[in-house]
Structures are given as C-alpha cells and as structure tokens.
There are 2 protein chains.
Amino acid sequence: MYRPEIKVLDCTIRDGGLINDHLFDDRLVRAVYQACSAAGVDYIELGYRASKKYFTAGKFGETKFLEEAFVRRMIDGIESKSKLSAMVDIGRVDAEDIPLKKDSVVDLMRVACYVKDIDKAIALVKQCADKGYETTVNIMAVSTALVPDLEEGLKQLAECPLKAVYVVDSFGAMFSEQIHFLTNLYKGILNPKGIEVGIHCHNNQQLGFANTIEAVRKGANYLDATIYGIGRAAGNCPLELLLAFLKNPKFKLDPILEIIEKEFIPLRQQIEWGYMIPDMITGILNQHPRSAMEMRSGKGSKRFVELYRSLLNDGELA
Amino acid sequence: MYRPEIKVLDCTIRDGGLINDHLFDDRLVRAVYQACSAAGVDYIELGYRASKKYFTAGKFGETKFLEEAFVRRMIDGIESKSKLSAMVDIGRVDAEDIPLKKDSVVDLMRVACYVKDIDKAIALVKQCADKGYETTVNIMAVSTALVPDLEEGLKQLAECPLKAVYVVDSFGAMFSEQIHFLTNLYKGILNPKGIEVGIHCHNNQQLGFANTIEAVRKGANYLDATIYGIGRAAGNCPLELLLAFLKNPKFKLDPILEIIEKEFIPLRQQIEWGYMIPDMITGILNQHPRSAMEMRSGKGSKRFVELYRSLLNDGELA
C-alpha cells in the first residue's frame, strides 16, 4: 500500500547541471518539465537560484540562476500540477535577489548547507519563508558529520518553518544501516514539530535507489530522484526505478521511459554520469568525488589503483 | 567485524559467458583467474560443465564445457589459493562425462535448477558428491516460486550432501523485504543441517549489490559476484563493491581494480551489460529478461514504452 504523504522531487536539471555548468538547451529543460508533470512528480527542480553577481558572466547556463522570466519561459504552455523548486546555496545568493512568492511561479526554496553552516541556512530559510515560499534544508555530506553536531543542528532546524530536512549522502558512501540510523535520528527530532524527513542519495556504490527506498521504509517522505540517474559523478537515484517502486497510482512511468529514450540515452553519449570506478573509489572511502572527477578529466591520478592508494593514504605509493 | 564463514564466489567468466556464447579469449580467462586469486576470492567459477554432445559443435566457447584439459591449461602456472567451481545444468550434462574429483582440479559443482526441477537437481547433486566434489544448488527465478513449493524443495535439499543452497534473483525483481524473507526461510530449513545460504543477484533495478549485502545481514554466507558486474543483461553484483564492503583482510581490492581498468572497461565497449532500460522493465515486472534481450538485439519491441505496455499486457497497445 502506498503512503499518500510521500512527495517525489525530480532534480534532473539541477543535479544534472553540475556536470555541464548548467548549460542545458531550453528545449531539454521544457521536455523534462513536461515529462515529470505528466508522470505526476510532486516537485520539479529546474536549477539553482544563485545571484549572477557572484559568477563570471557567460560561464554558466540560466538554470544556475533561475531568474523569474526564464522560469516562466520554461514552463509556458505546459500543463502541470507539479510544484516548482529551486536550490539555494549559502553565500551564493542575496535574499534581496529573490522575488516575493506572490511574484514567482517557484513554490519551494531548498537551502543546501553543511552541518557547520546550519546557522546560515536557518537565516536563509527564514528570509525565504518570510517571502512566502515553502522551504526545506538539505544537509550535505552527512556521512562525515559528527552525531552530536548533527543533533544540535537538527534541534535548531526543528524550530524553523520547514517542510522537510534531507539526509544527503553526497559521497555515495552509506549503507542501509547508516540510512536507517540517520532517518530515525532526523525523524525523532523533526516529526514532532511537523517537519518531514527527506532523502537524497548518490550512486557511487550503486546504492542510490536502494538507500532511497530504505529511507522510505523508515519514514522518509520527501524523495529526490533524477531521470536515468543523471547527476554529478556517479549520479542519483533513478526516477524511473523510484516511480516503479512506489505504488501510488498518481505516478505514471510512461512519460519517463519516453524521455529517457528520446533525450537521456543520446545525452549520456555527450556527458558522463553513472557508475564509474574512480567515483566508486571515493564512495567506498567516504570522500568528496573531487579526486575522481579530476582523474576522469585527465588530471590527478592516472590509474585506478593509484587513486585508491593515494586516498587510502597508506604510503605504499608515497 | 567480519564473519569468517563468508565465502565469495566469482562467476565473471560463467555468467559473463551468457552474453557472448562463452567465447572469451584464453588470455582473459587466465587474467580473471589470476586477479581473483590475488584478491583472495574463495571460489572462481570458470564456466559451465556441459556435455558437448548436447550442443552444436563450434557454436560455444570452451568455458561452456570446462573439460579437464582446458581448465588445467587456464590455471597453469598461476599461483592461487582459490578453489575452482563449475556450474552444471539439469539435462545439459551426463554425469558420466564428469571425471572423478581425484582426477580434476575443479572443487565445487554448482547445480542450477528451477523449483520444479529440484528432484532432478538432487539426483545430479548426489552423482557429483559421489564423485567426490563439493556441491551447491542454485534455485533460479525464485521470485516467481510459490512458497509452499519452495519450502518442500528446501526440506528435500536439507537432506542432501550440500555446502549451500542459493537464493537466486534471476529477474532482478526483488527488494530487501523479499531478500530478508527468503534468506530467513532458507536459513531456518538449511542451517540446522549444516547447509549454508547463498545469494546470487541480478542488477535490473540497480539492486544487485544492495540485495547481496541485505542477504549477508540476514546470514547468507555464500556470495556470488562478478568483476565490474558483468553478466547476462543487467549483470550481477559487482565484485569490487562486495570486496570493499566485506571487512575480512584476506580480500584485496587492488587486483580487481587493475583488471577492470585493463580488461573490463575495453570489453564493455565490445559486449553489453549493466543497467539498461529494457532489462529494468522486465525487472520491475518480475519477468524473464528474454523480451528485453530481444529488443536490444533489434527484434521484438522497438520502443521502451511499447515493451513496458506489452509486458503489462493491459491491452493499451493490443
């Protein structure tokens, strides 16, 4: 039986944009919005809401900034019951650049932060909530956080006007035990305040989908996924697997299968994501994928074993 | 902490051979044997032990038949503490073609069968055991078996001279609940007789590794995996992920990373395995991958949605 509280959030364009500096064709952005709307996805995240003044002009595509006129152009004429979300990073956006919700088609602002930045995240959450948006917080790289720090942060977040706080396995390092532990920890602190637990997994160990559904089993109700698993490095939980698993009849698989065939299989020939050994190595060692991405771009380690040994730091190649 | 009872079995050449009619170069077979030996893998399965008289001459490579002289040539001069296994299929081998263990370098005969053929499997197990081999049974496609039939079969198997009986998710259709249920069911019947539970997973839903370690959590001790996940259709649990997960210091990851880089990344350009949408569709519907393989070979359905709808059999495309 399905849980009606479950919300699926597609972040194809947002997480996928980390591969290509957010330089997707408008046509693809619209196609993703259309397919996810037809599939019954609850939220569609079209990118980051960064302030242009903090970035070199022309380096990034429009989905890094999600200015209001751009978002309206992307959704224009497409029938949809889905809500729109945007991710906001601490220090990369000025609240004054975010319009009031009444002037925006965006519904949800998702604040991304590390445990150490929860105070800054709370300030940004309050600014967004004051403007009228729904808000969530994604606590990144939680596989490296110390539990007392995390608990203290969650207790502060529990007092905020939030829809959900996400467990984010940025390094693709966690197994079901860790997912169960963290989902229970978040739930115990947040649910009594009416805040849901979310889950955002990476696929370095081919556990993106598995860990997402393990979080569901423990009560996570906000679920991130991307079409064909697109996303930085090893990518994310594939939306098509998640929709097939969830039993809610409001979700339709056909539009996602169609867009994979038409757009994402060709796109995978142009840009790289999914299970790859360099990113598997950073995953098993619970490390940032930086060194894996460097290796794949031709910098850094030249051989898999060299990367593995250098990250183990056991001196054998020193 | 690690469980010393755990045995890892590499079936790279055997399951991978289902993609290419077992036509691997001798050089690759030897390289796999060498890498798995250096990695500390407990058993290495170099193919099937089929009788040549049942097959058209020349159609299949030598790893389908594993005649004694061939196996000895493959391992000649390579240092190894690993045992050798061969898979035997009901009706495709005559016991008289299998030499006595005292005349063979093979240690373990793995009998593969469906639930309906357990009686035949038991006869073959006894013949192999009488010749002096270790034996296991792999009950295939158990995601479609009825529990009373399975229980009856397991009770019969519990009386046989077996090392292990495997839960085999041939269709890549199961989730952790089903893996937990079946591992517990097998364990309850087999462990009291000193027989271990094994696990062999396919990756149609990107759950091959996840389900393998879920079975480990419930007490499975014989674990199948393949290098870089090679295997029919969606492939198998990747050996590199499994070895990294297991904490037993006897396992070494380096030789597997080396052979992936040198052999399996180039090989993946020549033959196809891994997460692919047609096989994901058969997986989510708990069906044989036949129709997915037909589609990928250019026969059968031409579009993902057409395959999905035809297997759902809901008449929309009828």
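Model, not experiment: these values are computed from the prediction.

## Some details on the sheet that holds strand S6 (residues 164-169) of chain A
Residues and elements named next belong to chain A.
- Taken together, the 8 strands give a closed barrel; going around it, the order is S1-S2-S3-S4-S5-S6-S7-S8, and neighbouring strands pair in parallel fashion. If you compare each strand with its neighbour and ignore which way they point, the axes differ by 25° on average.
- With 5 bridges joining them, strand S3 (residues 83-89) and strand S4 (residues 108-113) adopt parallel strand pairing. Looking at the pairing, Ala86 lines up with Met109 of S4.
- Against the sheet, helix H6 (residues 176-190) engages S6 and strand S7 (196-201), with an angle of about 165° to S6.

## Quick notes on the sheet that holds strand S4 (residues 108-113) of chain B
- Spatially, the 8 strands close up into a barrel ordered S1-S2-S3-S4-S5-S6-S7-S8 (chain B), and their pairing is parallel. The mean inter-strand angle of the sheet, taken between neighbouring strand axes irrespective of direction, is 25°.

## Considerations on the interface of chain A and chain B
- Of the residues lining the interface, 26 residues belong to chain A; the matching set on chain B comes to 26 residues.
- Only helix H7 (208-217), helix H8 (239-245), helix H9 (254-270), helix H10 (277-284) and helix H12 (304-312) of chain A provide two or more residues apiece to the side of chain A that touches chain B.
- Broken down by element, the residue count for the side of chain A that touches chain B peaks at 5 residues, all from H9(A).
- Residues that form the side of chain A that touches chain B fall into these classes: 17 nonpolar, 3 polar and 6 charged.

## Concerning H7(A)
- For H7(A), the tally of buried residues reaches 9 of 10 residues, placing the bulk of the element in the interior.
- Of the positions making up H7(A), those classed as buried are A:Gly208, A:Phe209, A:Ala210, A:Asn211, A:Thr212, A:Ile213, A:Glu214, A:Ala215 and A:Val216.

## Examining the relation of the copies chain A and chain B
- After a rotation of 180° and a shift along the axis of 0.0 Å, chain A superposes on chain B with an RMSD of 0.0 Å. Such a turn and shift between the copies fits a two-fold axis.

## Structural notes on the packing of helix H6 (residues 176-190) of chain B against helix H7 (residues 208-217) of chain B
Residue and element names in this part refer to chain B.
- Remark: H6 packs on H7, axes separated minimally by 9 Å, with the N-to-C direction vectors making an angle of 35°. In the packing of H6 onto H7, the handedness of the crossing is right-handed. Contacts between H6 and H7 involve Ser176, Ile179, His180 and Thr183 from the first element and Asn211, Glu214 and Ala215 from the second.
- Looking at the contact of H6 with H7 residue by residue, the class counts come to 2 nonpolar, 4 polar and 1 charged.

## Remarks on the domain arrangement of chain A
All names here are of chain A.
- Per the domain assignment, the segments making up chain A are domain 1 (7-270) and domain 2 (277-312).
- Using C-alpha coordinates to define each centre, domain 1 is positioned 26 Å away from domain 2.
- The interface of domain 1 with domain 2 comprises 10 residues on the first partner and 11 residues on the second.
- When grouped by side-chain class, the residues that make up the side of domain 1 that touches domain 2 number 4 nonpolar, 5 polar and 1 charged.

## Describing the pairing of strand S6 (residues 164-169) of chain B
Residue and element names in this part refer to chain B.
- With 6 of 6 residues buried, S6 lies mostly within the body of the structure.
- Neither face of S6 is left uncovered, since the one carrying Ala164, Tyr166 and Val168 and the one carrying Val165, Val167 and Asp169 both have all their residues buried.
- Sheet topology places strand S5 (residues 134-139) next to S6; 4 bridges connect them, and they run parallel. By the bridge assignment for S6, Thr136 is matched with Ala164.
- Once you follow S6 into H6 and on to strand S7 (residues 196-201), the crossover reads as right-handed.

## Description of the environment of B:Leu9
Residues and elements named next belong to chain B.
- Examined against the element boundaries, Leu9 turns out to sit in strand S1 (residues 7-10).
- A residue is classified by how many C-beta atoms lie within 10 Å of it, and Leu9, with 27 of them, is buried.
- Measuring from C-alpha to C-alpha, the distance between Leu9 and Lys83 comes to 9.2 Å, with 74 residues separating the pair along the chain.
- In this structure, Leu9 is in contact with Asp42, Tyr43, Glu45, Ser85, Tyr222, Leu223 and Asp224, ignoring residues within four places of it in sequence.

## As for the pairing of strand S2 (residues 43-48) of chain A
Residue and element names in this part refer to chain A.
- With 6 of 6 residues buried, S2 is to be regarded as a mostly interior element.
- With 2 bridges joining them, strand S1 (residues 7-10) and S2 adopt parallel strand pairing. The residue bridging Leu9 from the neighbouring strand is Tyr43, located in S2.
- Where S2 lies against S3, 4 bridges are found, and the strand directions are parallel. Looking at the pairing, Tyr48 lines up with Met87 of S3.
- With helix H3 (residues 68-75) bridging S2 and its parallel neighbour S3, the resulting β-α-β unit is right-handed.

Conventions adopted
Residues numbered from 1 in each chain as written. Chains lettered and ligands numbered in written order. Predicted model: local features only at pLDDT ≥ 70, side-chain atom pairs only at ≥ 80, totals over all residues. Pairing = 2+ DSSP bridges. Helix = DSSP H or I, 4+ residues; strand = E, 2+ residues; numbered from the N terminus. Axes fitted to C-alpha atoms, helices over the stretch in contact; angles between N-to-C directions. Contact = placed C-beta atoms within 7 Å. Nonpolar A, V, L, I, M, F, W, Y, C, P; charged D, E, K, R; others polar. Buried ≥ 20, exposed ≤ 12 C-beta atoms within 10 Å, placed from the backbone. Least-squares fit on C-alpha atoms with pLDDT ≥ 70 in both. Left-handed = near helix turned anticlockwise from the far one by under 90°. Domains from an automatic or database assignment. Right-handed = clockwise from strand over helix to strand, strands pointing away.

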